[in-house]
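Structure assessment
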Amino acid sequence: MASAAFKQIHILNKQNLLVKESIQPFTRNQLVVIVGRGQQKLTAFPGFVKLNKLALGNPKTVPVGQYAAEALTKAGVYQTLVDQNKLVYGENVRQVLTYVESGNVDAGIVYKTDALTSTQVTISFTIPASYSEPIIYPIAIVKDSKHIQLAQNFISYVLGKDGQKVLQAQGFLPVK
C-alpha cells in the first residue's frame, strides 16, 4: 500500500490494518501550478486572484488538495479565492489535470509528476516546498495480505537504487 500522504497511512494504521514496522517513506514530490499549453503562465501567487477558475484537489479528501490549500493559505490568497468562488475541486489529481487540459479552468495545482505526464499543460512555477508540509509518500504492507514476503520484496526494490532510479526518471524526488 502506498499513499501520497502520511495522513491516510496513519488512519489505516490506527485501524490496525497495516504492518506497523513496514511503514516508511519511499519518495517525495512537489506541487506545481499548471496552465494549458499556450496559455499565459502565472509567475506568482498574487496572479491567482485574477483567474476565473483555479482547480485543485478537494482539501477534505485528496492529499494534493490538502497540500495546495495549505500553500495557498501561506501565500495569503486561499480565503480570497474561496470568497470569490474561484476554486474548482477535483476528486483526485488526475481530475484536476483534466480540468486544465480541457480548458475548463485557467490553472490548476498538481504534483509535478502528474504535470509531466501531459503534453497539454505547461508548468508555470513550482510552489516552494516551505509552503506546505513536506510531500512525502509512505509505503506499507497490508496486514491481511496473502503475499507478505512479496510485498516486502517490492518495498525493498522501491527503496533500493534501481527503484529510486525509476521513480526519479518519472520526476519524483529521493527521500532525504
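Placed above this text is the structure.
Residues numbered from 1 in each chain as written. Predicted model: local features only at pLDDT ≥ 70, side-chain atom pairs only at ≥ 80, totals over all residues. Heavy atoms only, no water.

1. A few points about the packing of aromatic side chains
The condition is simple: The aromatic pairing rule takes the rings of Phe, Tyr and Trp, using the six-membered ring of Trp, and pairs them if the centres are within 6.5 Å, calling planes under 30 degrees apart stacked, those over 60 edge-to-face and the rest tilted. Numbering of helices and strands runs from the N terminus; a helix is a DSSP stretch of H or I covering at least four residues, while a strand is a stretch of E covering at least two. Exposed residues in this analysis have more than 50% of their type's maximum accessible area, buried residues have under 20%, and partly exposed residues fall in between, with area computed by a 1.4 Å probe over protein chains only.
Scanning the entire structure with this criterion turns up 8 aromatic pairs. Ring geometry for phenylalanine 26 versus tyrosine 137: centroids 6.2 Å apart, planes at 80 degrees, classification edge-to-face. In this pair, phenylalanine 26 sits in strand β1 (residues 24-28) while tyrosine 137 sits in strand β7 (residues 136-139), placing the two residues 111 residues apart along the sequence. The same class applies to phenylalanine 26 as to tyrosine 137, namely buried.

2. Re the nonpolar core
Put simply, the test is: Among buried residues, those of type Ala, Val, Leu, Ile, Met, Phe, Trp, Tyr and Cys that are joined through side-chain atoms within 4.5 Å constitute a nonpolar core. In this description, contact between two residues means that some pair of their heavy atoms is separated by no more than 4.5 Å.
Of all hydrophobic cores here, the largest spans 48 residues; its most connected members are Leu31, Phe48, Leu54, Leu72, Ile109 and Tyr111. In terms of residue count, the dominant contributor to this core is helix α2 (residues 63-74) (6 residues). Non-local contacts of isoleucine 109, meaning those with residues more than four positions away in its chain, are made with Leu31, Val32, Val33, Phe48, Leu54, Ala55, Leu56, Val64, Ala68, Leu72, Val96 and Ile127.

3. Things to note about the side chain of serine 118
Heads up, the condition is: For this analysis, a polar contact is any N or O atom pair within 3.5 Å, provided that within protein one partner can donate a hydrogen and the other can accept it, and provided that sequence-adjacent residues contribute only side-chain to side-chain pairs.
Note that serine 118 resides in the loop between α5 (112-115) and β6 (121-126). Within polar-contact distance, the side chain of serine 118 engages the side chain of glutamate 101 at 2.5 Å. Non-local contacts of serine 118, meaning those with residues more than four positions away in its chain, are made with Leu97 and Glu101.

4. Examining the pattern of salt bridges
Using the following cut-off: In what follows, salt bridge is the name for a side-chain nitrogen of Lys or Arg lying within 4 Å of a carboxyl oxygen of Asp or Glu.
Applying the stated rule across the entire model yields 1 salt bridge. The salt bridge involving aspartate 114 is made with arginine 94; its shortest N-O contact spans 3.0 Å. One end of the pair, aspartate 114, is in helix α5; the other, arginine 94, is in helix α4 (residues 93-101), and 20 residues separate them in sequence. On the accessibility criterion, aspartate 114 (8% relative accessible area) is buried.

5. Description of the layout of surface pockets
How we decide: Cavity: a set of points on a 1 Å grid over the protein atoms alone where a 1.4 Å probe fits but cannot get out. Pocket: an open set with protein on both sides within 12 Å along at least five of seven lines, its lining residues, like those of a cavity, having an atom within 4 Å of a point. Grid points are joined across faces, edges and corners, and a volume is the space filled by probe spheres set on the points. Here the term charged refers only to Asp, Glu, Lys and Arg, the term nonpolar to Ala, Val, Leu, Ile, Met, Phe, Trp, Tyr, Cys and Pro, and the term polar to all other amino acids, Gly among them.
Each pocket or cavity is described by its volume, and for the largest pocket that value is around 270 Å³. As for the largest pocket, its lining consists of 15 residues, and the residues nearest its centre are Val35, Gln40, Leu42, Leu51 and Asp106. Classifying every residue of the lining of the largest pocket by side-chain character gives 6 nonpolar, 6 polar and 3 charged. Roughly 220 Å³ of internal volume is contained in the second largest pocket. For the second largest pocket, the lining is made up of 16 residues, of which Arg28, Asn29, Ala129, Pro134 and Ile135 are closest to its centre.

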